[in-house]
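# Secondary and tertiary structure notes
Each chain, written out:
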Amino acid sequence: MSIVAVWCRHKGDNIIGAGSGLPWKIPSDTRRFRNLTEGKIKVMGRRTYEGMPQKVLMGRKMIVLDIENSCDVFDKENHIVLDNADKLKDYPEDLYISGGASVYAKFFTTPAIMPDIVVDCVYQGEIAPNLTDLINVNASVEVLEKKYFALPQKFELDNVITTVWLKKGDFVEQSVVKNILEYLETEGK
Ligand SMILES: NC(=O)c1ccc[n+]([C@@H]2O[C@H](COP(=O)([O-])OP(=O)(O)OC[C@H]3O[C@@H](n4cnc5c(N)ncnc54)[C@H](OP(=O)(O)O)[C@@H]3O)[C@@H](O)[C@H]2O)c1
């Protein structure tokens, strides 16, 4: 089983969100997330889940983290609610950690469920100056820089540079890495 974290953060300040939404509109970034996680189980915090358009999540396998266990999922066949991320230790299938900041922080700081692979997309452009309630992944990036190493390949599309990082000193499932790199190599072509 592999745990893969996927995010898009802003260069410099590591911002990933504004309120319950994204601070930018980059269709190729949305497409990358969709394609990399197609058919996979995504793990998402309640706030991110509720902030995403239902049509994007409908029919896609999802574990929604919600301590209160009260989140009302709209696709009962594919979306399940879980009250504690620790229960995902030794989960039988690959998991794609999809935010938001509190969920990334939980996974990056809990050794038993720390991601093996990180798809680190970094937006190089400006974000609108009037946005409020900005949310960053500084705590997770700090762990990333200490406990992971970056593969040499860099993929650039629409002002987003993507790097894949692997956890140092642990076995990482190479077939999962290969699939991610193969997708990134062909994207936008
Ligand atoms: N740029 C990107 O790549 C990206 C990706 C995803 C999200 N985002 C952005 O991130 C922001 C949301 O992040 P956020 O940190 O505010 O919220 P979040 O992580 O999406 O959701 C927080 C909620 O998830 C539940 N939760 C968190 N950790 C848990 C755990 N360990 N066990 C069980 N439940 C847990 C709690 O729900 P309860 O309060 O109900 O218990 C918590 O209030 C939004 O702006 C979104 O757009 C950006």
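Report follows, based on the coordinates. Source: prediction; values computed, not measured. (Residues numbered from 1 in each chain as written. Predicted model: local features only at pLDDT ≥ 70, side-chain atom pairs only at ≥ 80, totals over all residues.)

## Re the overall build of the protein chain
Our working definition: Helical segments are the DSSP runs of H or I of at least four residues, strand segments are the runs of E of at least two, and each set is numbered from the N terminus. Atoms counted for the radius of gyration: C-alpha only. Globule rule: 2.2 Å times residue count to the power 0.38. Residues with at least 20 other C-beta atoms within 10 Å of their own are called buried, those with 12 or fewer are called exposed, and the rest are partly exposed. The C-beta atoms themselves are positioned from the backbone. We call two residues in contact whenever the C-beta atoms placed from their backbones are within 7 Å.
On a plain count of helices and strands, the protein chain comes out with 6 helices and 11 strands. For 189 residues, the compact-globule estimate of 2.2 N^0.38 gives 16 Å, and the protein chain sits close to it at 16 Å. The 189 residues of the protein chain split such that 33% are buried. Within the protein chain, contacts between residues separated by at least 24 positions form 67% of all contacts whose residues are at least 6 apart in sequence.

## Side note on helix α1 (residues 27-36)
Every α-helix carries 3.6 residues per turn, so stepping three or four residues along brings you back to the same face. Spelled out, the test is: It is the directions from the helix axis to the C-beta atoms whose arc is reported.
Residues Arg32, Phe33 and Leu36 constitute the buried set of α1. Projected onto a plane normal to the axis of α1, the buried residues spread over an arc of 95° and lie on a single side. α1 presents Pro27, Arg34 and Asn35 as exposed residues on the side facing more than 90 degrees away from its buried surface. Each element contacted by the buried residues of α1 is listed here: β1 (3-10), β7 (117-123) and α6 (174-186).

## Things to note about the site of the ligand
Under the convention used in this document: The rule is simple: place the C-beta atom from the backbone, and if it lies within 6 Å of a molecule or strand, the residue is near it. Throughout this entry, Asp, Glu, Lys and Arg are counted as charged residues, while Ala, Val, Leu, Ile, Met, Phe, Trp, Tyr, Cys and Pro are counted as nonpolar. The remaining residues, Gly among them, count as polar.
Gly17, Gly45, Ile67, Gly99 and Gly100 are the nearest of the 29 residues found near the ligand. Of all elements in the fold, only β1, β2 (15-18), α2 (46-51) and α4 (101-108) reach the threshold of two or more residues within the shell around the ligand. Its residues assigned to classes, the shell around the ligand comprises 11 nonpolar, 12 polar and 6 charged.

## Some points on unusual backbone geometry
In this structure, Gly100 follows Gly99 across a cis peptide bond, with omega equal to 0°. Inspection of the secondary structure puts Gly100 in the loop between β6 (95-97) and α4. Although it is not a glycine, Asn14 sits at a positive phi angle of roughly 60°. With respect to the element layout, Asn14 can be found in the loop between β1 and β2. You can call Asn14 partly exposed: it has 19 C-beta atoms within 10 Å. At Asp133, a residue that is not glycine, the phi angle is positive and equals roughly 55°. Looking at where Asp133 falls in the secondary structure, it is placed in the loop between β7 and β8 (134-136). A count of 10 C-beta atoms within 10 Å places Asp133 in the exposed class.

## A short note on the pairing of β7
As a reminder, the rule being used: A pair of strands is treated as paired once DSSP finds two or more bridges between them.
The element β7 is extensively covered by neighbouring structure, given that 6 of its 7 residues are classed as buried. Examined bridge by bridge, β1 and β7 share 7 bridges and lie parallel to one another. Counterpart to Ala5 in the pairing with β7 is Val118. The pairing of β7 with strand β11 (residues 160-167) spans 7 bridges and is antiparallel. Of the residues in β11, the one forming a bridge with Val118 is Trp165.

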